[in-house]
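The lines below spell out each chain.
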Amino acid sequence: MSSLKVRNVEIGKGIPKIIAPICDKTEEEILHTARKFSIIPVDFDILDIDIVEWRVDLYDYYNDYKKIESVLEKLRKILKNIPIIFTIKRNASHGEAEISKEDYVKIYKEVCATKLVDLIDIEDSIGKDNMEDIIEFAKDMGTYVITTNHNLDHTPSKAECIATAKELEDMGADIIKIITKPSSKLDVVELLETTIIIAEHIANVPICTISIGEKGGLSRICGEFFGSCMTYGVNRKKSAPGQPNIEDLSNLLKLIHKNIEA
């Protein structure tokens, strides 16, 4: 598995990178949250945040490209050199956006054309042809692509996850993300074992795996050992169940890193 450098953040090397989601409904709230993320204390990291994700489906005007572009222009200025992920989750993936596949593709391509975001996160529920259409356009614009496979009612087998990872990478993913829901602790263990196999033997790009909910909490903190390159922490509002507080998450990741190095 190789790493990917986005601005000054190297994804896939060392401690898993912490993504802080912006999950607000109004422009005023979105920019207020972004300003908190952009504060640089003198002797500390940027609030222990590596990357900011804007969950656009939670924005009141998620289907209005002009309003989205206006917010992005302001976010880019506020966040300066912090990488930005642009994400719309449709209802099909337990998101908030009631949006057609055609409009989803259109907005993603329009956003890539602005060159205001560093990465886009696209869901495989829109279908292979639509994914490949967005990926091809994003690469032309110099935008990195996270391809996400959601399994929000179960944990697939190792074989299914491996096949999915291969397919997502073959489509041109820069980062592969697989989300599962556990029904037991063994499901979490199954995903962690699968992550090792994909990271060490299958994928040539960074992989992020997350087992959601309270049962899957372990998967959010032990990625460095098993091969998952990113994790999500919450500052105010969660974008998914089970996301830990950013400060606690950062401390745990650093502790695990220290013991792995030892």
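Here the structure is a predicted model, which is why all the values come from computation and not from measurement.

A closer look at the pairing of strand 9 (residues 207-211)
Then, number 1: Counting buried residues along strand 9, five of its five residues qualify, which places the element largely inside the surrounding structure.
Then, number 2: The two faces of strand 9 match: Ile 207, Thr 209 and Ser 211 on one face and Cys 208 and Ile 210 on the other face are all buried.

Topic: the packing of aromatic side chains
Then, number 1: Here the structure, examined in full by the defined rule, presents six aromatic pairs.
Then, number 2: Among the aromatic residues, those joined into a ring-pair cluster are Trp 54, Tyr 59, Tyr 61, Phe 86, Tyr 104 and Tyr 108.
Then, number 3: The side chain of Lys 67 reaches across the aromatic face of Tyr 61, ending 4.7 Å from its centre.

So, helix 5 (residues 158-170)
Then, number 1: Across its 13 residues, helix 5 extends 18 Å between first and last C-alpha, which sits within 8% of the 18 Å expected from 1.5 Å per residue.
Then, number 2: Along helix 5, the positions that sit buried rather than exposed are Cys 161, Ile 162, Thr 164, Ala 165, Leu 168 and Glu 169. For helix 5, the angular spread of the buried residues around the axis is 160°, confining them to a single face. Counted as exposed and oriented over 90 degrees from the buried face of helix 5: Ala 159 and Asp 170.

With respect to the nonpolar core
Then, number 1: By size, the foremost hydrophobic cluster in this structure holds 55 residues, and its most contacted members are Trp 54, Leu 75, Phe 86 and Ile 120.
Then, number 2: With seven residues, helix 2 (residues 65-79) is the single largest residue contributor to this core.
Then, number 3: Beyond its immediate stretch of four places on either side in the chain, Leu 75 contacts Ile 22, Ile 30, Leu 31, Ala 34, Trp 54 and Ile 84.

Rules and cut-offs
- Residues numbered from 1 in each chain as written.
- Predicted model: local features only at pLDDT ≥ 70, side-chain atom pairs only at ≥ 80, totals over all residues.
- Heavy atoms only, no water.
- Buried < 20%, exposed > 50% of the residue type's maximum accessible area, 1.4 Å probe, protein only.
- Helix = DSSP H or I, 4+ residues; strand = E, 2+ residues; numbered from the N terminus.
- Phe/Tyr/Trp six-rings, centres within 6.5 Å; stacked < 30°, edge-to-face > 60°.
- Lys NZ or Arg CZ within 6 Å of the ring centre and 35° of its normal.
- Expected span 1.5 Å × (residues − 1).
- Arc of directions from axis to C-beta.
- Core = buried A, V, L, I, M, F, W, Y, C linked by side-chain atoms within 4.5 Å.
- Contact = heavy atoms within 4.5 Å.

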